[in-house]
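# Architecture and fold: a report
The lines below spell out each chain.
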Amino acid sequence: MSAFVNLLDFDLDGLAAYCEQLGEKRFRATQLFRWIHQKGASDFDQMTDLAKSLRSKLQGVAHIQPLSIISEHVSSDGTIKWLFDVGQGNAVETVFIPEDDRGTLCVSSQAGCAVGCRFCSTGHQGFSRNLSTGEIVAQLWHAEHALRKRQNTSERVISNVVMMGMGEPLQNYGALVPALRTMLDDHGYGLSRRRVTVSTSGVVPMIERLQQDCPVALAVSLHAPNDALRDQLVPLNRKYPIDELLSACQAYLQAAPRDFITFEYCMLDGVNDTDEHAHQLIALVRNRIHCKFNLIPFNPFPASGLHRSQNERVQAFARILADAGIVTTVRKTRGDDIDAACGQLAGEVQDRTRADERMLRQPIVIHAVSSQKTHGH
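A short tour of the structure in this document, coming up. (Residues numbered from 1 in each chain as written. Predicted model: local features only at pLDDT ≥ 70, side-chain atom pairs only at ≥ 80, totals over all residues. Heavy atoms only, no water.)

Moving on, we get to the overall build of the chain. Helix and strand counts for the chain come out as 11 helices and 17 strands. Partitioning the intrachain contacts of the chain with sequence separation of at least 6 by distance along the chain shows that 65% fall at a separation of at least 24. Of the accessible surface of the chain, which amounts to about 15,000 Å², a share of 45% is contributed by carbon and sulfur atoms. (Helix = DSSP H or I, 4+ residues; strand = E, 2+ residues; numbered from the N terminus. Contact = heavy atoms within 4.5 Å. Areas by Shrake-Rupley, 256 points an atom, 1.4 Å probe, with all protein chains shown as cover.)

Quick look at the environment of isoleucine 282 now. In this fold, isoleucine 282 is placed in helix H10 (residues 275-285). Sequence-wise, isoleucine 282 and alanine 322 are 40 residues apart; in three dimensions their C-alpha atoms are separated by 9.8 Å. If near-sequence neighbours (up to four positions away) are discounted, isoleucine 282 is found in contact with Ile320, Leu321, Ala324 and Ile326.

Packing of helix H7 (residues 204-213) against helix H9 (residues 242-252) leaves a shortest axis separation of 9 Å and a crossing angle of 5°. In this view, H7 runs roughly parallel relative to H9, as classed from their interaxial angle. Residue-level inspection shows Val204, Ile207, Glu208, Leu210 and Gln211 of H7 in contact with H9, the latter providing Glu244, Leu245, Ala248, Ala251 and Tyr252. Its residues assigned to classes, the contact of H7 with H9 comprises seven nonpolar, one polar and two charged. (Axes fitted to C-alpha atoms, helices over the stretch in contact; angles between N-to-C directions. Parallel < 35°, antiparallel > 145°, perpendicular 65-115°, else oblique. Nonpolar A, V, L, I, M, F, W, Y, C, P; charged D, E, K, R; others polar.)

A separate point is the packing of helix H6 (residues 173-184) against H7. One way to put it is that H6 packs onto H7 with a least axis distance of 12 Å and a crossing angle of 30°. Taken together, H6 and H7 sit at an angle that is classed as roughly parallel. The hand of the H6/H7 crossing is right-handed. Contact with H6, carried on its side by Tyr173, Val177, Leu180 and Arg181, involves Met206, Arg209, Leu210 and Asp213 of H7 and no other residues of that element. For the contact of H6 with H7, the class distribution of residues is five nonpolar, no polar and three charged. (Left-handed = near helix turned anticlockwise from the far one by under 90°.)

Counted at 1.5 Å a residue, the expected span for helix H2 (residues 26-37) with its 12 residues is 16 Å, and the 17 Å between its end C-alpha atoms agrees. Counted residue by residue, H2 has nine buried out of 12 residues, so it is predominantly covered. Every buried residue of H2 is accounted for by Arg28, Ala29, Thr30, Gln31, Leu32, Phe33, Trp35, Ile36 and His37. Each element contacted by the buried residues of H2 is listed here: helix H1 (12-21), helix H3 (52-61), helix H5 (133-151) and H6. (Expected span 1.5 Å × (residues − 1). Buried < 20%, exposed > 50% of the residue type's maximum accessible area, 1.4 Å probe, protein only.)

This paragraph deals with the side chain of histidine 223. By secondary structure assignment, the location of histidine 223 is in the loop between strand S11 (217-221) and helix H8 (227-233). Here cysteine 266 takes part through its backbone nitrogen, which lies 2.8 Å from a polar atom of the side chain of histidine 223. (Polar contact = N/O pair within 3.5 Å; in protein donor to acceptor, adjacent residues only side chain to side chain.)

This paragraph deals with the layout of surface pockets. Size it by volume and the second largest pocket reaches roughly 150 Å³. What lines the second largest pocket is Lys39, Gly40, Trp141, His142, His145, Ala146, Arg148, Lys149 and Thr153. Per-class residue counts for the lining of the second largest pocket are two nonpolar, four polar and three charged. (1 Å grid on protein atoms, 1.4 Å probe; cavity = no way out; pocket = protein on both sides within 12 Å on 5 of 7 lines; lining within 4 Å. Points joined across faces, edges and corners; volume = space filled by probe spheres on them.)

Most of strand S5 (residues 90-99) sits out of view: nine of its 10 residues are buried. By the bridge criterion, seven bridges tie strand S4 (residues 80-87) to S5 in an arrangement that is antiparallel. Bridged to isoleucine 80 within S5 is phenylalanine 96. Pairing between S5 and strand S6 (residues 102-106): five bridges, direction antiparallel. Within the sheet, the bridge partner assigned to valine 95 lies in S6 and is cysteine 106. (Pairing = 2+ DSSP bridges.)

Time to look at the packing of aromatic side chains. The full count for this structure, using the stated rule, is five aromatic pairs. On the basis of an interplanar angle of 25° and a centroid distance of 5.3 Å, the ring pair of phenylalanine 10 and tyrosine 18 is categorised as stacked. Counting every residue linked through ring pairs, the aromatic cluster contains Phe263, Tyr265, Phe293 and Phe317. (Phe/Tyr/Trp six-rings, centres within 6.5 Å; stacked < 30°, edge-to-face > 60°.)

This brings us to the pairing of strand S3 (residues 68-74). Where S3 and S4 come together, six bridges link them in antiparallel fashion. Within the sheet, the bridge partner assigned to isoleucine 69 lies in S4 and is phenylalanine 84.

One pass over the structure, following the stated rule, counts 12 salt bridges. Between aspartate 213 and arginine 209 there is a salt bridge, with its nearest N and O atoms 4.0 Å apart. Here aspartate 213 pairs with arginine 209, and both are found in helix H7, just four residues apart, close to one helical turn. One salt bridge in this structure joins arginine 319 and aspartate 323, with 3.4 Å as the shortest N-O distance. Here aspartate 323 and arginine 319 lie together in helix H11 (residues 311-323), a separation of four residues that amounts to about one turn. A relative accessible area of 39% places arginine 319 in the partly exposed class. The exposed category is assigned to aspartate 323, whose relative accessible area is 57%. (Salt bridge = Lys/Arg side-chain N within 4 Å of Asp/Glu carboxyl O.)

Pasting the structure below:
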């Protein structure tokens, strides 16, 4: 079975090329793509409008390979957390956050992360490997169709996807872009570009490529108003400093589906949360880039040596930004009772019996509250 082609690895163009190799026309690929993604079929015998000869051919060379589920937890607020096995002792987590006007799925792109941000437990854990396109898509494929069955509906449940789970998406670019295209394709999940968000710590060349290849909403993990501090918090800044990052963000807006960039800012007590830091941020972005700030309460873990900013400090910081005319939100946690709170992800599984006790804490956009009008995620 391991030699079989996983059809979740293909966007529609890729699937059409694969079907062509099998001697089939493009419309067959479109039919197959719809069965897989719109209907959640994993058995070729279910695909009744495909010729029996094609179904028989596919059964000998291909499959639709889901991820194995280690655990599923449902919060009292409706948040659902899946821990998926990706092999060799590695696991990734996917979180669904229901709200009145949307259903958001947070998706992982890597097992571990190589960026090594000081406040991110995933980064402290280290990097294991990139996920394949099929492993990225399988998180959405499972969540969407499991939720439809649970809610007894044929309507789409997930309206928003945020690539904010474990890993740096833009360091897995080759697998990311086909996955995004599958999410956006009207024959797949039909998501709006405005409702698919890629979060990055600032991989400047890949931001430039994403603008050309598949522009979706962009969120940038900024976390500091100057290079000296950001060098300490986000090591990637030493390679791509803030000025280069902001220039890439400015250029990205020319093709972006939204007219703003979201800057994520993890609030660290006594490190980046003073009034002076807020004023530096204002000076940094004013008259340069249309943006929104999303302030994130830090989830402490021992290896970081960092502490969460007090709520009063976060609110004062937010007020300074808002008073300067910058849309500013403070992230609200969800799923606390199942360790799926904002910024908590499961890490690499060395001992699966303890996997759910070791939730890691990389930010996930799930809900924002503000006194001003806020944009959708």
